[in-house]
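Analysis of the macromolecular model
Listed below are the residues making up each chain.
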Amino acid sequence: MVRLEKRLNPNRTVAMLTPLLAVLLTMLAGGIMFALLGNDPFEAIRVIFWDPLFAEPFASYSRPQLLVKAGPLILIAIGLSIGFRAGIWNIGAEGQYIMGAICGAAAGLAFYPSESPLIFPLMVLFGGLGGWAWAMIPAVLKVRFGTNEILVSLMLVYVAENILAMVSTGVLRNPEGMGFPGSRNLGHWDAASNPELIEGTGMHWGVALSLVVVIATYVMMTRHIRGFHVRLAGEAPRAARFAGVNPTRIVIFCLGLAGALAGLAGLFEVSGPAGQITIDFASGYGFTAIIVAFLGRLHPVGILLAGLLMALTYIGGELAQLLLGVPAAAIQLFQGMLLFFLLAMDVFTNYRVRFGTTKVTA
Amino acid sequence: MDLSAIDPALLVAALMVSATPILLAALGEMVVERAGVLNLGVEGMMIIGAVTGFIVGFNTEVPALGFVAAAFASALLALAFGLLTQVLLSNQVATGLGLTLVGLGLSALLGKPYEGMKAPTLSQIDFGPLSDLPFLGPVLFGHDPVVYLSLLLVLVVWYVIKHTRVGLILRAVGENHDAAHALGYKVVRIRLAAIAFGGSLAGLGGAYLSLVRLPQWTEGMTAGAGWIALAIVVFASWRAGRVLIGAYLFGGLTVLQLNLQAAGVTIGVQYLSMAPYLITILVLVLITSGKGRGSHAAPASLGRAFQQSR
């Protein structure tokens, strides 16, 4: 008879091994999936995980893409992970990402064609504020009325997508764009563009910020009283309240921070790699970041690594689409399976597996 | 703008069709939550139902087979969620989200060759002269069998939960799983059964979207219907009758919005298409802030993992 016995403390070694195990299982299941789709599974896995980094001629294009894709994922996932630690389920990061991009781009475009050096900082400020404000809606509704933040934050994603469609065909449309939807290209306007900082690396301001945020979050969660309160509120809400932790402030803080970071990710994306506000600007980073946060064990360093891995599946997925004709949805399924396997593996972190029946002891 | 073009009888009839997918999914999810399990994967199960229903319906040209296959496929997916949360004791919120992501990806992959094809039509039940009655005809006697099935299911779920022993056990498991376990009920098995039931109803709802409502397959076609179903369960304070009211109210708003667009109301299309989501948020706020019993009606063990310690 197999039994599960709760560990007093989660096993840290196992906690670090489970993501690796989950990745292996996903490769196995993914390989079977690719075989069913009529591809050589080994070739598919190699194209996704190896070729983007090491096989020329693709690698020189796709290596910089790694940081370009990982930057926003890490930035969003860090914000989400702090909330998840506190038991606050913000799953609407996609909406906050869109709103950050819209607000930041709008703030910049208001001053077109000025070349003032203040424009980019202003856009960054408004990008963060836009995401923050969008996240404040579920936060305020939760603390004021007790409304479920999961549903509200998700509903707001659909609202944000409609707003995106509205502004890219309306107020933000490029007046010189011959009637095509989409804003002016920020990449062609020096004062507002978010360029590659070091040639050939893909490093832009958003990637730099994400690295800073990883370190700052690590310090906050392990060394600062705020981080302790967040963890306490998640692991023992009752004890947290006795210790004087204000649950309202935790909700406002966690959702606000996650929103601001998602908004910044959106702003850096729209001013850098994407270049303009268009109807299809939303790319699903906000949802993939949920997987990144869990894959990284809600730990800043883990999220850094998970973000890079997830970025690799994006790039490898595009390559596999190009070379092998694997449908785009296969990669989405691949990412979903990764989260599923990870959650299944988690049982070994929190529980010990025992065989045989229990002996009753006095 | 010509609002007189909107015929109330046709509006009510269209409302019932538009509400049926959400009604089915919300009803299933309510049973799952009554058993104390929070499955956030409704969206994923619905879209798997939609794609399976369409593929089977299209290939066999028998829509009914599509519905059956959809119910099975979604129940299977739901059982994967059940295995993770009930046996491997994973976090229900995260697993539900994972289920949605897997469902969206898998459905897009499976449905790719079927995009743009047209589903076989599901014939309406022939009520003879009854369907020619003014107003009552189109409202009561002009639908396909699934609409009647969904209404019947509301009645059955209400009766079973409220008046039978099975319902009592289900509620006991949802309110206090430790006590239910002490009484000798198999908590995990009962919850797995509820999860599978919820999954099959979500699958039926999804298949209704792709086989009747649209009727075709497009990637991501559920567009948040599963999440709205989750909101309706809260709105309904976990009661079958109110799930029906919630779903029909919501269906009514959707149909009204489409009719307003067709009647040429000069509001931006985007405002109208974001309206259902805004209204859902508004309703959630009203329900949870109200002085009534709304938010307190949640099953006491909702979302809590049960581990039997011996």
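From a predicted model like this one, the values you see are computed outputs, not experimental measurements.

Calculation criteria
Residues numbered from 1 in each chain as written. Chains lettered and ligands numbered in written order. Predicted model: local features only at pLDDT ≥ 70, side-chain atom pairs only at ≥ 80, totals over all residues. Heavy atoms only, no water. Helix = DSSP H or I, 4+ residues; strand = E, 2+ residues; numbered from the N terminus. Rg over C-alpha atoms; globule rule 2.2 N^0.38 Å. Buried < 20%, exposed > 50% of the residue type's maximum accessible area, 1.4 Å probe, protein only. Contact = heavy atoms within 4.5 Å. Expected span 1.5 Å × (residues − 1). Polar contact = N/O pair within 3.5 Å; in protein donor to acceptor, adjacent residues only side chain to side chain. Patch = residues over 30% accessible without salt bridge, like charges linked within 9 Å, V, L, I, M, F, W, Y side chains within 5 Å. Areas by Shrake-Rupley, 256 points an atom, 1.4 Å probe, with all protein chains shown as cover. Salt bridge = Lys/Arg side-chain N within 4 Å of Asp/Glu carboxyl O. Phe/Tyr/Trp six-rings, centres within 6.5 Å; stacked < 30°, edge-to-face > 60°. Buried area = accessible area lost by both parts, 1.4 Å probe. Nonpolar A, V, L, I, M, F, W, Y, C, P; charged D, E, K, R; others polar. Core = buried A, V, L, I, M, F, W, Y, C linked by side-chain atoms within 4.5 Å. Axes fitted to C-alpha atoms, helices over the stretch in contact; angles between N-to-C directions. Parallel < 35°, antiparallel > 145°, perpendicular 65-115°, else oblique. Left-handed = near helix turned anticlockwise from the far one by under 90°.

A few points about the overall build of chain A
What chain A contains, in helices and strands, is 15 helices and 2 strands. Computed over the C-alpha atoms, the radius of gyration of chain A is 22 Å, within 12% of the 21 Å expected from 2.2 N^0.38 for a compact globule of 362 residues. Each principal axis of the C-alpha atoms in chain A carries an extent, and together these give about 85 × 55 × 35 Å. Taking all 362 residues of chain A together, 56% fall into the buried category. Summarising the internal contacts of chain A: among those between residues at least 6 apart in sequence, 77% fall at separations of at least 24.

Points about helix α11 (residues 247-271) of chain A
Residues and elements named next belong to chain A. Taking 1.5 Å of rise per residue, the 25 residues of α11 would be expected to cover 36 Å, and the 36 Å separating its terminal C-alpha atoms lies within 8% of that figure. A large share of α11 lies buried, amounting to 19 of its 25 residues. Between the side-chain oxygen at the start of α11 and the backbone nitrogen of Thr248 there is a gap of 3.0 Å, and the oxygen is on Asn246.

Observations regarding a nonpolar patch on the surface
On the surface, Leu149, Leu152, Leu155, Val156, Trp158 and Tyr159 of chain B cluster together into a nonpolar patch covering about 580 Å² of accessible area. Counting through the fold element by element, Leu155 of chain B comes out in helix α6 (residues 145-163).

Remarks on the packing of aromatic side chains
All names here are of chain A. Scanning the entire structure with this criterion turns up 15 aromatic pairs over all chains. Ring plane angle 55° and centroid distance 6.3 Å describe the contact between Phe120 and Phe268, whose orientation is recorded as tilted. With Phe120 in helix α6 (residues 119-145) and Phe268 in helix α11, the pair connects residues that are 148 residues apart, well separated along the chain. Looking at Phe120, the relative accessible area reads 13%, which means it is buried. The buried category is assigned to Phe268, whose relative accessible area is 5%. These aromatic residues form a ring-pair network of at least three members: Tyr97, Phe281, Tyr285 and Tyr314.

What to know about the pattern of salt bridges
Pairing is possible between side chains that carry opposite charge, provided their charged atoms lie close to one another. Residues and elements named next belong to chain A. Under the criterion given, the structure shown has 3 salt bridges over all chains. A salt bridge links Arg46 to Asp51; its shortest N-O distance comes to 3.4 Å. For Lys142, the salt bridge goes to Glu149, with nearest N and O atoms at 3.1 Å. Given a relative accessible area of 27%, Lys142 falls into the partly exposed group.

A short note on the side chain of His204 of chain A
Residues and elements named next belong to chain A. For His204, the position within the fold is in the loop between α7 (149-169) and α8 (205-223). Take His204: its relative accessible area is 4%, and that puts it in the buried class. If near-sequence neighbours (up to four positions away) are discounted, His204 is found in contact with Asn194, Pro195, Leu197, Phe268 and Pro273.

Examining the interface of chain B and chain A
Contacts between the two partners involve 43 residues from chain B and, on the opposite side, 43 residues from chain A. Counting the surface lost from both chain B and chain A, the interface buries some 3700 Å², and carbon and sulfur atoms represent 81% of this. Between the two partners, chain B and chain A, sit 0 salt bridges. Taken together, the links from chain B to chain A amount to 1 residue pair in polar contact (both at pLDDT 80 or more). Contributing elements (two or more residues each) for the side of chain B that touches chain A: α3 (63-87), α4 (92-111), α10 (225-235) and α12 (269-289) of chain B. The element best represented in the side of chain B that touches chain A is α4 of chain B, accounting for 13 residues. Across the side of chain B that touches chain A, the residue classes break down as 29 nonpolar, 12 polar and 2 charged.

So, the nonpolar core
Counting residues in hydrophobic clusters, the biggest one holds 197 residues, and the most contacted among them are Ile76, Ile102, Ile163 and Ile277 of chain A together with Trp227 of chain B. Non-local contacts of Trp227 of chain B, meaning those with residues more than four positions away in its chain, are made with Ile91, Ile150, Leu151, Leu154, Met155 and Tyr158 of chain A together with Leu40, Glu43, Leu97 and Thr100 of chain B. Counting 5 residues, the second largest nonpolar core, distinct from the first, contains Ile169, Val173, Val187 and Phe306 of chain B.

Some words on unusual backbone geometry
Trans is the common state for peptide bonds, and a negative phi is the common state for residues other than glycine. Of the consecutive residues Leu214 of chain B and Pro215 of chain B, the connecting peptide bond is found in the cis state with omega at -25°. Positionally, Pro215 of chain B belongs in the loop between α9 (187-213) and α10. Backbone geometry at Leu298 of chain A places phi at a positive 60°, although glycine is not the residue there. Tracing the chain through its elements places Leu298 of chain A in the loop between α12 (285-295) and α13 (300-324). Residue classification places Leu298 of chain A among the buried positions, given a relative accessible area of 16%. The phi torsion at Ser237 of chain B lies on the positive side, around 40°, for a residue other than glycine. Relative to the elements of secondary structure, Ser237 of chain B occurs in the loop between α10 and α11 (240-262). Of the residues examined, Ser237 of chain B reaches a relative accessible area of 4% and is grouped as buried.

A short note on the packing of α6 of chain B against α9 of chain B
Residue and element names in this part refer to chain B. Look at α6 against α9: their axes get within 12 Å of each other, and the N-to-C directions meet at 155°. Classified by the angle their axes make, α6 and α9 are roughly antiparallel. The two elements α6 and α9 cross, and the hand of that crossing is left-handed. Where α6 abuts α9, its residues Val146, Val147, Leu149, Leu153 and Val157 lie against Phe197, Leu201, Leu204 and Tyr208. Grouping the amino acids of the contact of α6 with α9 by side-chain chemistry returns 9 nonpolar, no polar and no charged.

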